[in-house]
Amino acid sequence: FQRETLKILGVPLEKIISSDDHPHIEAQELIVPSFSSYLGWLSPWGLKFLRDQFLTPLLQEKTTSPERIYICRSSARHRRVLNEEVVIDYLKTREFVPVSLETLSFQEQINYFAKAKVIIAPHGSGLTNLVFCSPQTKVIELFAPHYIRYYFWVISQHLALAHYFVLGENIPSQFLRELMYQNVLSEDIWLDLERLKKILAQAQID
């Protein structure tokens, strides 16, 4: 997506130097952007910039996308939904379509999020695409019980999205949990379907 977005912004690909291939460079002049805000607190001007630069030019109005999507994380290294097959089977009965963002282009991701009315997803970077949602879109974010972050709630507040969350089940043994996950950042999610059903009812999603 980095190359896709840079190309849209008018940066020629031949001017890009990959830090993976060239970790050390020497320059006579170096211009480095500062952080635009505190970590996770997207500023209103930043949000407007992203929507102006990418949403309007790339949104394909004539394409059809599902109104209800579930973002899969089965290919991720961490924060996976361990019982995801069961969750997807249930959500399909509620007309949700599972989507693997890593298989989509940046433009396709924009279209999915811009046209969705309900989005369910485990906490992860794919939810950054919420910046392209329409107001009143309903978002249900899935968290591991020891790793809860505000990042996508902030985006939801800026765009008037209806944000809900569900906590996964806690591993009873702290020793076992620490043995499995040395860092809470990597903790997977076991989702209780009854909790999900309650949030769907609370969000008035039939």
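Details of the structure are given in the entry above.
These figures come from a predicted structure and were not determined experimentally.

(A) Representation of the sheet that holds strand 4 (residues 138-143). Ordered in space as 2-1-3-4-5, the five strands form an open sheet in which the pairing is parallel. The open sheet terminates on both sides in strands that have one partner only, identified here as strand 2 (97-99) and strand 5 (162-167). Strand-to-strand twist of the sheet, defined as the mean angle between neighbouring strand axes without regard to direction, takes the value 20°. Pairing of strand 4 with strand 5 involves six bridges; the strand directions are parallel. Within the sheet, the bridge partner assigned to E141 lies in strand 5 and is F165. Running at roughly 165° to strand 5, helix 7 (residues 193-202) makes contact with strand 3 (118-122), strand 4 and strand 5 of the sheet.

(B) Local environment of helix 2 (residues 44-58). Between its first and last C-alpha, helix 2 extends 21 Å over 15 residues, near the 21 Å set by a 1.5 Å rise per residue. Where helix 2 bends most, at R51, the angle is about 35°. Among the residues making up helix 2, those that are buried are G46, L47, F54, L55 and L58.

(C) Highlighting unusual backbone geometry. We note that R79 has phi near 55°; this positive angle belongs to a residue other than glycine. Secondary-structure assignment places R79 in the loop between strand 1 (68-71) and helix 3 (84-92). When its relative accessible area of 10% is taken as the criterion, R79 is described as buried. Non-glycine residue A160 carries a positive phi angle of around 60°.

(D) The packing of helix 2 against helix 4 (residues 106-115), seen in detail. For the pair helix 2 and helix 4, the least separation of the axes is 10 Å and the interaxial angle reads 85°. Taken together, the axes of helix 2 and helix 4 are roughly perpendicular relative to one another. Residue-level inspection shows F54, L55 and L58 of helix 2 in contact with helix 4, the latter providing F106, Q107, I110, N111 and A114. Considering only residue class, the contact of helix 2 with helix 4 consists of six nonpolar, two polar and no charged.

(E) How the structure looks around the pairing of strand 4. Where burial is concerned, most of strand 4 is hidden: five out of the six residues are buried. With five bridges joining them, strand 3 and strand 4 adopt parallel strand pairing. Paired with V118 across the two strands is K138, which belongs to strand 4. For the crossover that starts at strand 4, traverses helix 5 (residues 151-159) and ends in the parallel strand 5, the hand is right-handed.

(F) Looking closely at the pairing of strand 3. Counting buried residues along strand 3, five of its five residues qualify, which places the element largely inside the surrounding structure. Every second residue of strand 3 is oriented toward a common face, with V118, I120 and P122 on one face and I119 and A121 on the other, all of them buried.

(G) Broad picture of the packing of aromatic side chains. All told, the structure shown has six aromatic pairs when counted by the stated rule. Between F143 and F165, the aromatic rings sit 6.1 Å apart at their centres with planes inclined by 70°, giving edge-to-face as the arrangement. Of this pair, F143 sits in strand 4 while F165 sits in strand 5; the two residues are 22 residues apart in sequence, bridging distant segments of the chain. Ring geometry for Y151 and F152: centres 6.5 Å apart, planes at 85°, overall edge-to-face. According to the relative accessible area criterion, F152 is buried, its value standing at 6%.

Conventions adopted
Residues numbered from 1 in each chain as written. Predicted model: local features only at pLDDT ≥ 70, side-chain atom pairs only at ≥ 80, totals over all residues. Heavy atoms only, no water. Pairing = 2+ DSSP bridges. Helix = DSSP H or I, 4+ residues; strand = E, 2+ residues; numbered from the N terminus. Axes fitted to C-alpha atoms, helices over the stretch in contact; angles between N-to-C directions. Contact = heavy atoms within 4.5 Å. Expected span 1.5 Å × (residues − 1). Bend = angle between axes of the 7 residues up to and from the residue. Buried < 20%, exposed > 50% of the residue type's maximum accessible area, 1.4 Å probe, protein only. Parallel < 35°, antiparallel > 145°, perpendicular 65-115°, else oblique. Nonpolar A, V, L, I, M, F, W, Y, C, P; charged D, E, K, R; others polar. Right-handed = clockwise from strand over helix to strand, strands pointing away. Phe/Tyr/Trp six-rings, centres within 6.5 Å; stacked < 30°, edge-to-face > 60°.

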